[in-house]
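# Structural features, examined
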Amino acid sequence: VQLQASGGGLVQAGGSLRLSCAASARTSPFYTLGWFRQAPGKEREFVAAISWDRLSSDYGDSAKGRFTISRDTAKNTVYLQMNSLKSEDTARYYCAADRSMSRTVRITAGAYEYWGQGTLVTVSS
């Protein structure tokens with residue numbers, strides 16, 4: 001299982017970015033896909049996750065109301081649309097896959113078995 005994240009970059013505060021994470025063909029479409037982030041000197045933080053059937057999703061407090069997670073099952077890709085970005089959103093964003101096929105998405109990093117390399121998001125104030 002390989003996860004390839006992309007879409008990060010430098011953006012001004014108030015701007016938007018759309019992150020993508022393509023899962024390899026061997027990745028089951030039944031995995032929950034999620035996003036986490038980690039800023040320098042801080043712990044990894046849950047951002048958002050979406051179930052395999054797209055019926056369940058959840059967001060971290062910092063993402064609620066500003067970020068939207070979605071997935072394209074046919075492309076085995078998960079997206080994170082980030083709006084109204086703030087300087088505190090600056091971090092490396094990681095996509096991850098949870099193979100439990102739980103109907104309820106899980107928000108702890110330990111629940112995710114597979115991780116991508118991350119994409120860096122820098123928000124300038």
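Cut-off values and rules
- Within every chain, residues take consecutive numbers counted from 1 along the sequence as written.
- For this predicted model, a pLDDT threshold of at least 70 governs which residues receive local features, and a threshold of 80 or more governs which side-chain atom pairs are given and counted, while totals over whole chains, interfaces and linings are taken from all residues.
- Excluding hydrogens and water, the side-chain values take into account all heavy atoms of the structure.
- A pairing counts as a salt bridge when a side-chain nitrogen of Lys or Arg comes within 4 Å of a carboxyl oxygen of Asp or Glu.
- Helix and strand labels come from DSSP, where a helix needs a run of H or I of at least four residues and a strand needs a run of E of at least two; each type is numbered from the N terminus.
- Here the term buried applies to any residue with accessible area under 20% of the maximum for its type, exposed to any over 50%, and partly exposed to those in between, with areas from a 1.4 Å probe on protein chains only.
- Ring geometry is summarised as follows: Phe, Tyr and Trp rings, the Trp one being its six-membered ring, pair when their centres sit within 6.5 Å, and such pairs are stacked at plane angles under 30 degrees, edge-to-face over 60 and tilted between the two.
- Lysine NZ or arginine CZ positioned within 6 Å of the ring centre and within 35 degrees of the ring normal marks a charge as sitting over the ring.
- In this description, contact between two residues means that some pair of their heavy atoms is separated by no more than 4.5 Å.

In this structure the tally under the stated criterion is seven salt bridges. Residue Asp89 is joined to Arg37 by a salt bridge in which the shortest nitrogen-to-oxygen separation is 2.9 Å. Pair noted here: Asp89 is in the loop between β8 (77–82) and β9 (91–98) and Arg37 is in strand β4 (residues 32–38), with a separation of 52 residues, a long-range link. Comparing Asp89 with Arg37, the two get one shared label, buried. Two residues, Arg103 and Asp53, come together in a salt bridge whose shortest N-O distance is 2.9 Å.

Okay, the packing of aromatic side chains next. In this structure the tally under the stated criterion is six aromatic pairs. Centroid distance Phe36 to Trp115: 5.1 Å. Interplanar angle 55°. Geometry classified as tilted. Remark: Trp115 occurs in strand β10 (residues 114–115) and Phe36 occurs in strand β4; sequence separation between them is 79 residues. What links up through ring pairs into an aromatic cluster is the set Phe36, Phe46, Tyr112 and Trp115. Taking NZ or CZ as reference, Arg18 lies 4.0 Å from the ring centre of Tyr79, over its face.

At Arg54, a residue that is not glycine, the phi angle is positive and equals roughly 65°. Within the secondary structure layout, Arg54 lies in the loop between β5 (45–50) and β6 (57–59). One non-glycine residue with positive phi stands out, namely Ser84, at about 50°. As for its position among the elements, Ser84 is in the loop between β8 and β9. Take Ser84: its relative accessible area is 42%, and that puts it in the partly exposed class.

Within the element layout of this structure, Tyr94 appears in strand β9. Along the chain, Tyr94 and Asn83 lie eleven residues apart, while their C-alpha atoms are 18 Å from each other. Those residues within four positions of Tyr94 in sequence are excluded, and the remaining contacts are Gly34, Trp35, Phe36, Gln38, Arg44, Trp115, Gly116, Gln117 and Gly118.

Function cannot be read off these values alone, since they describe shape.
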